[in-house]
Amino acid sequence: MNLMEAASGYLQIGELSRRSGVSTELLRAWERRYGLLRPARSEGGFRLYSPQDERRVTVMRNHLERGLSAAQAARLTLEEAERRPDEAPALARGIESLRDALDALDETAAHTALDRLLSDFSVETVLGEVVLPYLHELGERWARGEASVADEHFASNLLRGRLLGLARGWDGGSGPRALLACAPGEQHDLALIVFGLVLRELGWRITFLGPDTPLDTLDDATRTLEPAAVVIAASSPERIAGDEVSLRKLARNAPLWIAGAGASSVVGKKTGARQLDGDPLGAAALVARAQRE
Ligand code: B12
């Protein structure tokens, strides 16, 4: 493995552990006992884990969250990973149809592509393998000037509507409750909605306050609902860094997590908030596990 490959999504074990919330010891045990991870080697002999390894860790953790034993969870994870080559062409076709439809601003075709994907694959697969990669790609194309603001607005609004459609009833049941909100001034809520959908799949109830939520109103809602987790999304530090007093107050009333690219500046001892970095699928498993510990 050369440096270029190492730079393209491969992780050393410490980084994989940090992003997944699984200790390095447990990762090594899963690798040894179940063959769950198949690391390559760096030129210096370090193990390097691929995005597929990271995905298997997320799937394994989600099975454990559902109460399976480690051996059962590993068997299912590996079976699913092996089935994937058969599914890959259908998934690739679905992604292609969705991309073509969104690029053509064709709402009907985009919904048809999403209908097909959702009938053929699990919500988690559609979110993790289609929606998140599509949004990332759109962001990159937009930044390079290859997608217009109209393209971006059309795609993000259509997907947002669809995600909130999937979210219908996500506050039902008797599982632990998560209260989700974007930081004051923050409009980027797509990753937060995806996170809520995955947490819902893990049996949680979700209350979603959406974009631009003042911290004092979030605190009021926290007192009313007594959630097992409050998650605030912030795409840049200035959305959240100025109000450590409110964050501290919030963290006293419920376990507080801050997510998104703006999170790191305010987490830690000063506020009592914890950071959720990495992708929303892994983050949901991390919050679920923290609640059980
Ligand atoms: C779609 C989009 C919008 C939409 C948002 C629609 C919506 N409802 O979410 C709209 C049009 C509203 C918008 C507005 C703006 N946007 Co904008 N937007 C984007 C775009 C193209 C995609 C963002 C997205 O959803 N990506 C998909 C998600 C899944 O990926 P992500 O954001 O990278 O998140 C990753 C992690 O950070 C993490 N994560 C993020 N949030 C969360 C939440 C949880 C709970 C968890 C667990 C993880 C997590 O998960 C992802 C990893 O898989 C990006 C471009 C880009 N390169 O990302 C810009 C971008 C985010 N926007 C940007 C900017 C500057 C703006 C505007 C200021 C533009 C303007 N001049 O008006 C406004 C600001 C609005 C505001 N006040 O918040 C910047 C942010 C830069 C910064 N860090 O400050 C970006 C990066 C573009 C850029 N290169 O300049 N935007």
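Everything numeric here is computed off the predicted structure, so don't read it as measured data.

Engineer: Hey, could you run me through the site of the ligand in this one?
Structural biologist: In the vicinity of the ligand there are 30 residues, among which H136, G185, Q187, H188 and D189 approach most closely. Put simply, the ligand lies in the largest pocket. Elements supplying a minimum of two residues to the shell around the ligand: α7 (123-143), α8 (149-166), α9 (190-201), β5 (229-233) and α12 (280-292). Examining the composition of the shell around the ligand, we find that five residues originate from one element, α7, more than from any other. Broken down by class, the residue content of the shell around the ligand amounts to 13 nonpolar, eleven polar and six charged.

Engineer: Sorry if this is basic, but what is going on with the coordination of the cobalt atom of the ligand here?
Structural biologist: Working reference: metal with six octahedral donors, ideal angles 90 or 180 degrees; metal with four tetrahedral donors, ideal angle 109.5 degrees. The protein gives the cobalt atom of the ligand a lone donor atom, H188 (NE2), placed 2.2 Å from the metal. Along the chain, H188 falls in the loop between β3 (177-182) and α9.

Engineer: In this structure, what is going on with the pairing of strand β6 (residues 256-259)? I would like to understand it.
Structural biologist: If a strand is regular, its side chains alternate between the two faces of the sheet. On β6, burial covers both faces: L256 and I258 on one face and W257 and A259 on the other are all buried. Note that β5 and β6 share four bridges and pair parallel. When the sheet's bridge partners are listed, V231 is paired in β6 with W257. Handedness of the crossover joining β5 and β6 through helix α11 (residues 244-253) is recorded here as right-handed. Relative to strand β7 (residues 274-276), β6 is paired through three bridges, and the arrangement is parallel. By the bridge assignment for β7, I258 is matched with Q275.

Engineer: Could you clarify how one ought to interpret the packing of aromatic side chains in this entry?
Structural biologist: Aromatic ring pairs are described here by two measures, namely the spacing of the ring centres and the angle between the planes. Overall, the coordinates contain one aromatic pair when judged by the stated rule. Ring geometry for W170 against F208: centres 5.8 Å apart, planes inclined by 65°, an arrangement best described as edge-to-face. Of the two residues, W170 sits in the loop between α8 and β3 while F208 sits in strand β4 (residues 205-208), which places them 38 residues apart along the sequence.

Engineer: Just checking my understanding: could you explain the side chain of T271 for this structure?
Structural biologist: Looking at where T271 falls in the secondary structure, it is placed in the loop between β6 and β7. We classify T271 as buried; its relative accessible area is 3%. In terms of polar contacts, T271 uses its side chain to reach the backbone amide nitrogen of A273, at 3.1 Å. In this view, T271 contacts E244, L247, R248, A251 and V266; residues no more than four positions away in its chain are not counted.

What counts, and at which threshold
- Residues numbered from 1 in each chain as written.
- Predicted model: local features only at pLDDT ≥ 70, side-chain atom pairs only at ≥ 80, totals over all residues.
- Heavy atoms only, no water.
- Near = heavy atom within 4 Å.
- 1 Å grid on protein atoms, 1.4 Å probe; cavity = no way out; pocket = protein on both sides within 12 Å on 5 of 7 lines; lining within 4 Å.
- Sits in = over half its atoms within 2 Å of the grid points.
- Helix = DSSP H or I, 4+ residues; strand = E, 2+ residues; numbered from the N terminus.
- Nonpolar A, V, L, I, M, F, W, Y, C, P; charged D, E, K, R; others polar.
- Donors = N, O, S within 2.8 Å, 3.2 Å for Na, K, Ca; no water.
- Buried < 20%, exposed > 50% of the residue type's maximum accessible area, 1.4 Å probe, protein only.
- Pairing = 2+ DSSP bridges.
- Right-handed = clockwise from strand over helix to strand, strands pointing away.
- Phe/Tyr/Trp six-rings, centres within 6.5 Å; stacked < 30°, edge-to-face > 60°.
- Polar contact = N/O pair within 3.5 Å; in protein donor to acceptor, adjacent residues only side chain to side chain.
- Contact = heavy atoms within 4.5 Å.

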